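# Structural characterization, general
Each chain is listed here by its residues.
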Amino acid sequence: QMQLVESGGGLVQAGGSLRLSCAASGRTISDYLMGWFRQAPGKEREFVGAINWNGNTYYSDSVKGRFTISRDNAKNTVYLQMNLLKPEDTAVYYCARRVGGSVYVADSFADWGQGTQVTVSA
């Protein structure tokens, strides 16, 4: 099992930037595909992006070109750089480890962190 702790959320104006961190322990992130998801009030958890063990990245259409996922293997940490934020990006953001299945589906992931709140004001 992997323990994940997200941080870096906060309140930002539209057009601003935030960088989220996902610190892992218990397992090495470089051995897995790590994903970011988000969940807004009253909505299902949705895929944001992911980074594979070989560095390949995947993004949802809604964040492509604005968000960037990276990782620091030495720190066992995954990052989500969010630029040009929009009010519709407001949500709790989670990271998780893929255990099987489609990279775009939350059910394919486990070891969810507690999440970090991102609020974008208009």
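Residues numbered from 1 in each chain as written. Predicted model: local features only at pLDDT ≥ 70, side-chain atom pairs only at ≥ 80, totals over all residues. Heavy atoms only, no water.

## Let's talk about the overall build of the chain
Convention followed: The helix and strand labels rest on DSSP assignments: H or I over at least four residues marks a helix, E over at least two residues marks a strand, and numbering proceeds from the N terminus. As a reference, a globule follows 2.2 Å times the number of residues to the power 0.38, and the radius of gyration itself is taken over C-alpha atoms. Each residue's exposure class comes from its accessible area (1.4 Å probe, protein chains only) as a fraction of the maximum for that residue type: buried when under 20%, exposed when over 50%, partly exposed otherwise. Here a residue-residue contact requires only that any non-hydrogen atoms of the pair lie within 4.5 Å. A 1.4 Å probe and the Shrake-Rupley method give the accessible areas. Residues count as covered only by the protein chains that appear here.
Within the chain, the secondary structure is distributed over zero helices and eleven strands. In sequence order, the chain lays out its α and β elements as β-β-β-β-β-β-β-β-β-β-β. In terms of overall size, the chain behaves like a compact globule, its C-alpha atoms giving a radius of gyration of 13 Å where 122 residues would be expected to give roughly 14 Å. Dimensions of the chain, computed from C-alpha atoms along their principal axes, come out at roughly 40 × 30 × 25 Å. Across the 122 residues of the chain, 44% fall into the buried class. When contacts within the chain are restricted to residue pairs at least 6 apart in sequence, long-range pairs at least 24 apart make up 55% of them. Of the roughly 6000 Å² of accessible surface on the chain, a fraction of 47% belongs to carbon and sulfur atoms.

## Brief notes about the state of the cysteines
Where we set the bar: The disulfide definition used here is simple: a pair of cysteine sulfur atoms within 2.5 Å.
With the rule as written, the count across this model stands at one disulfide. Each disulfide pairs two cysteine sulfurs, and for Cys-22 the partner residue is Cys-95, the sulfurs being separated by 1.9 Å. Because the torsion about its S-S bond is 70 degrees, the bridge between Cys-22 and Cys-95 counts as right-handed. Pair noted here: Cys-22 is in strand 3 (residues 18–25) and Cys-95 is in strand 9 (residues 91–98), with a separation of 73 residues, a long-range link.

## Let's talk about the pairing of strand 7 (residues 67–72)
The line we're drawing: Should DSSP find at least two bridges between two strands, the strands are regarded as paired.
Sheet topology places strand 7 next to strand 8 (residues 77–82); six bridges connect them, and they run antiparallel. Of the residues in strand 8, the one forming a bridge with Ile-69 is Leu-80.

## Structural notes on the pattern of salt bridges
What counts, and what does not: By salt bridge we mean one thing: a side-chain nitrogen of Lys or Arg within 4 Å of a carboxyl oxygen of Asp or Glu.
Taken as a whole, this structure holds five salt bridges when the rule is applied. Where Asp-89 meets Arg-38, a salt bridge forms, and the shortest distance between an N and an O atom there is 2.9 Å. On the criterion of sequence distance, the pair formed by Asp-89 in the loop between strand 8 and strand 9 and Arg-38 in strand 4 (residues 34–39) is long-range, its members being 51 residues apart. By relative accessible area, which is 6% here, Arg-38 ends up buried. One salt bridge in this structure joins Asp-61 and Lys-64, with 3.4 Å as the shortest N-O distance. Residue class for Asp-61 comes out exposed when judged on its relative accessible area of 68%. One network of salt bridges, with partners in common, ties together Arg-38, Glu-46, Arg-66 and Asp-89.

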